[in-house]
Amino acid sequence: MMGLIGFSFGIDPPGFRIRVRPKAVCHYSSTLVEKGAGLASASPRDALREGRWVKLICGASMDDVPFVETLCEIYTLAGVDCIDCAADPAVVGAVLAGIESANGILAAHNLRPTRPFVMVSVNDGEDPHFRKAVFDPLKCPADCSRPCERVCPTNAISTAGVSERLCYGCGRCLRSCPLGLIIADTYVRSPEEMIKLLQNYPIDAIEIHTLPTHVDEFATLWSSIGSWVLQELKLVAVSFPDSDDLEEEIQVRSEVLNVGDRADVIWQTDGQPMSGDVGRGMAAKSVRLAQKVLQLLETLSIPGFVQLAGGTNDATVELMQKRAIYGKAAGVAFGGFARKTTLNALQISPNHALDSAIRLLEPIKAHRNGD
C-alpha cells in the first residue's frame, strides 16, 4: 500500500520525526480505508447540498509542505470534501500530491477514487490568518524563561528565532513575550500573483478572508479577480468574524460578488479567528455565529451555504444539534484541531491518524437530509 512518502516534523516533542522511504508500505487497515471511502460523498457539491460538507483547513500561512502532503493524504482517505491551503505553489503541489497518494491507496483496495475540491485562501487586507511571528533572538535576555517556546503549538520557536516554515501565525507567542519583542509580520498577495497561481494549478475554489472594516478592500480585490474566478472556478467562499453590523456586511459582499448561478457561494462563519484547539467555549462561538448567519440569509434572501469555522472541534456537532442547525448549515471546516489531533496520532501510527480523522468527520458525513 503506497503512501506517507518521506515526511518529518520538528514538533511535539521537538525533533520528533517520521521517516518512510518512498514506495514503502504504510499500514492503514483495510477496514479503515473502506470506512473512509464509505463516508466520501459522490462529489463535493453533493456534500454541500446534503449538509455533509467537511473542509480541512491546512492553514492560510502553513508552509510545512511535508506535513501538508501527509495531512491531505489522511483526510482524503477519511472522505473530506474540500482542502483549503495557502495560495503558494509549493503548498498547493503538496495538497495535490496528498490527494494523489490517497487515491493510489484507494485503487489498491479496489475502491472508487475521490477528488476533494482544492481551495486557496486569500485576503483583502491585513488579516490574522496571513502573518508570521518574527523576533530578533539576540535581543532575548539570557535569563528569560522563554514562555514563547512553551505556548507555540508547532515548536516553531527556538534560540535561533522563529521557523517560517513551521509558524502558521496563531499569535500565541505575541501575547506571551514579557518584553513584547515578538511582532506579527503580515502580508497581502497581489491579485496578479493570485491569478498566476490559479492559472497554473487545478484549483477548484477560492476563499476570501475579510474583516468588517474591509468593505472597499473586498470590492477592489473582487474587481481584480472576480471575472476570472467565476469563469474558471466552481466555488467562492467568504470568511468573516462576527460584527455589530453583520447584516450589512453580508448584504454588501453578496452584492459585490454578484455570483448568480455561475458558482456556489459559502459563507464561512469564523467564530473565533485563529482560535486553535481551545475547547467547547470556542466551538460554541462558532455555532452561535452560524445560527445568526443562517437567519440573516433567510431574512435577506441571500443565496449561499453556511459553513462553520473558527473554533470548531469534536464538540461542534453536539452543539449544532442543541442549537438546531445540524443539517441546516452545509457543514464544518476543521483547522487547528484537525492538525493537532493528526500530529498526536501520527506519533503512534498512520493508522491511528486515519482513525482520528474518520472519527472527526463521521458525525457530519453521516447526516442525511431529513435526519
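See the structure above.
Residues numbered from 1 in each chain as written. Predicted model: local features only at pLDDT ≥ 70, side-chain atom pairs only at ≥ 80, totals over all residues. Heavy atoms only, no water.

**Some points on the overall build of the protein chain**
Within the protein chain, the secondary structure is distributed over 13 helices and 12 strands. Put simply, the protein chain has 371 residues, and 55% of those count as buried. Intrachain contacts of the protein chain at a sequence separation of at least 6 include 77% that bridge at least 24 residues. Carbon and sulfur atoms make up 50% of the accessible area of the protein chain, which amounts to about 15,600 Å² in all. (Helix = DSSP H or I, 4+ residues; strand = E, 2+ residues; numbered from the N terminus. Buried < 20%, exposed > 50% of the residue type's maximum accessible area, 1.4 Å probe, protein only. Contact = heavy atoms within 4.5 Å. Areas by Shrake-Rupley, 256 points an atom, 1.4 Å probe, with all protein chains shown as cover.)

**What about the side chain of Glu207?**
With respect to the helices and strands, Glu207 occurs in strand E8 (residues 205-209). Overall, the relative accessible area of 1% leaves Glu207 in the buried class. Here the side chain of Glu207 touches His209 through a polar contact of 2.9 Å, side chain to side chain. In this structure Glu207 touches Lys55, Asp84, Met119, Val120, Ser121, Val122, Ala237, Ser239 and Gln268, once residues within four positions along its chain are discounted. (Polar contact = N/O pair within 3.5 Å; in protein donor to acceptor, adjacent residues only side chain to side chain.)

**So, the packing of aromatic side chains**
Under the defined criterion, the tally for this structure stands at two aromatic pairs. The interplanar angle of 70° and the centroid separation of 6.4 Å between the aromatic rings of Trp53 and Phe117 together place this pair among those described as edge-to-face. You can see Trp53 sitting in strand E1 (residues 53-59) and its partner Phe117 sitting in strand E3 (residues 117-123), a full 64 residues away along the chain. We classify Trp53 as buried; its relative accessible area is 0%. (Phe/Tyr/Trp six-rings, centres within 6.5 Å; stacked < 30°, edge-to-face > 60°.)

**Side note on unusual backbone geometry**
Non-glycine residue Arg146 carries a positive phi angle of around 55°. By the secondary structure assignment, Arg146 is in the loop between strand E4 (131-134) and helix H5 (147-151). Take Arg146: its relative accessible area is 17%, and that puts it in the buried class. One non-glycine residue, Ala324, adopts positive backbone phi at about 60°. As for its placement among the helices and strands, Ala324 is situated in the loop between helix H11 (316-322) and strand E12 (331-334). Owing to a relative accessible area of 43%, Ala324 belongs among the partly exposed residues under this scheme.

**Some points on the pairing of strand E11 (residues 305-309)**
With four of five residues buried, E11 is to be regarded as a mostly interior element. In this structure, strand E10 (residues 264-270) lies alongside E11, joined through five bridges in parallel fashion. Note that in E11 the partner of Thr269 across the bridge is Leu308. Examined bridge by bridge, E11 and E12 share two bridges and lie parallel to one another. Bridge pairing in E12 links Gln307 to Gly331. As a crossover connection, the stretch from E11 through H11 into E12 is right-handed. (Pairing = 2+ DSSP bridges. Right-handed = clockwise from strand over helix to strand, strands pointing away.)

**What about the packing of helix H1 (residues 30-39) against helix H13 (residues 350-365)?**
Orientation of H1 relative to H13, taken along the N-to-C sense of each, is 25°, at an axis distance of 10 Å. With respect to H13, the axis of H1 lies roughly parallel. Between H1 and H13 lies a crossing whose hand is left-handed. Of H13, the residues touching H1 (which contributes Leu32, Val33, Lys35, Gly36 and Leu39) are Asn351, Leu354, Asp355, Ile358, Glu362 and Lys365. A per-class count over the contact of H1 with H13 returns five nonpolar, two polar and four charged. (Axes fitted to C-alpha atoms, helices over the stretch in contact; angles between N-to-C directions. Parallel < 35°, antiparallel > 145°, perpendicular 65-115°, else oblique. Left-handed = near helix turned anticlockwise from the far one by under 90°. Nonpolar A, V, L, I, M, F, W, Y, C, P; charged D, E, K, R; others polar.)

Note that every value here comes from positions in space, so none of it alone points to a role or purpose.
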